[in-house]
Amino acid sequence: MGFSEQELVEEIIFRAKEAVEKNVQAKEGKIPPDTPAYGEFWPWIVYKIRPAASEKRMLLGMKAEVITCWLDEARNIKHVHLNFVDYGYSVTYEELDLAGIKHPTLDVPVTEIFKQYPLEEGIKLMHEAIAPTRPDKSRKLHVEALYLEDFANAPTVEQDKPLSEQRIYEPRSYPDDVDAAAGILYDNWHLKPRRFDMFPLPPTMKGFLLMSKDRFQKWLREVTWPLR
């Protein structure tokens, strides 16, 4: 059926907000720590909250902010949200208004950065522009960029029904469904030009992305949906 940009953005917002709500409840002990949720950064991946939080602590540290920029195929920014990650739990969702923000030395509006620079360079420039605007400088800031198409064509997304009708909170098949979702990040990282990148990329994450695809999928499977 194909998905409109509006439908994709609405589902990204829903999944990110819902993931935050579940993370907060799990962190406060109000729901089981292994409750499943969709990824607030990567919405085609479903994870269990406790093991995912453990991995996010290892990758991002104790307090971090992650900005996710969603692009269309013309490299226009269609949606931007920020999550505060506290001890591995994403506990806030904030939509960013980039209007009026320019890169401090290039004098380029941040809304134009991805149209003027390759994605790998663009996220560094976005980081340089946005980091000074954040009120709490003690939180390490990460910026990532993805294409809406990455979500729309994910193997864990069914093409013949609306996104709002296919919120499945467990893998449809294990490990195939989990591995297919993990493979998107790996494949996109290795595409030229890259269709997934984060700055600064946690060294451990980069190490895993430089593994073979099979080993990367096994790692992400274990940290998002362990069977134990």
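Structure's up top.
A brief look at the structure comes next. (Residues numbered from 1 in each chain as written. Predicted model: local features only at pLDDT ≥ 70, side-chain atom pairs only at ≥ 80, totals over all residues. Heavy atoms only, no water.)

1. Topic: the pattern of salt bridges
Piece 1. By the definition in use, this model includes 22 salt bridges.
Piece 2. Note that aspartate 107 and lysine 102 form a salt bridge whose closest N and O atoms lie 3.6 Å from each other.
Piece 3. Taking relative accessible area as the criterion, aspartate 107 reaches 53% and is therefore assigned exposed.
Piece 4. With its nearest N and O atoms 3.9 Å apart, the salt bridge here joins lysine 161 to glutamate 158.
Piece 5. Classification of glutamate 158 by relative accessible area gives partly exposed; the value is 22%.
Piece 6. One network of salt bridges, in which partners are shared, links Glu65, Glu94, Arg134, Asp136 and Arg139. (Salt bridge = Lys/Arg side-chain N within 4 Å of Asp/Glu carboxyl O. Buried < 20%, exposed > 50% of the residue type's maximum accessible area, 1.4 Å probe, protein only.)

2. A look at the nonpolar core
Piece 1. With 42 residues, the main nonpolar core has Trp42, Trp44, Leu185, Met205 and Phe216 as its most contacted residues.
Piece 2. Aside from chain neighbours lying at most four places away, what touches tryptophan 44 is Arg15, Trp70, Leu146, Asp150, Phe151, Ala154, Thr156, Ala181, Ile184 and Leu185. (Core = buried A, V, L, I, M, F, W, Y, C linked by side-chain atoms within 4.5 Å. Contact = heavy atoms within 4.5 Å.)

3. Let's talk about the environment of alanine 53
Piece 1. Relative to the helices and strands, alanine 53 is located in helix H2 (residues 49-60).
Piece 2. Take alanine 53: its relative accessible area is 0%, and that puts it in the buried class.
Piece 3. Spatially, the C-alpha atom of alanine 53 lies 22 Å from that of glutamate 11, the residues being 42 residues apart in sequence.
Piece 4. Residues contacting alanine 53, with those up to four places away along its chain left out, are Tyr87, Gly88 and Tyr89. (Helix = DSSP H or I, 4+ residues; strand = E, 2+ residues; numbered from the N terminus.)

4. Side note on the side chain of arginine 15
Piece 1. Note on placement: arginine 15 falls in helix H1 (residues 5-27).
Piece 2. Since its relative accessible area comes to 3%, arginine 15 is described here as buried.
Piece 3. Residues in contact with arginine 15, not counting those within four places in the same chain, are Tyr38, Pro43, Trp44, Phe151, Leu163, Gln166 and Arg167.

It is worth stressing that arrangement in space is one thing and function is another; only the former is reported here.
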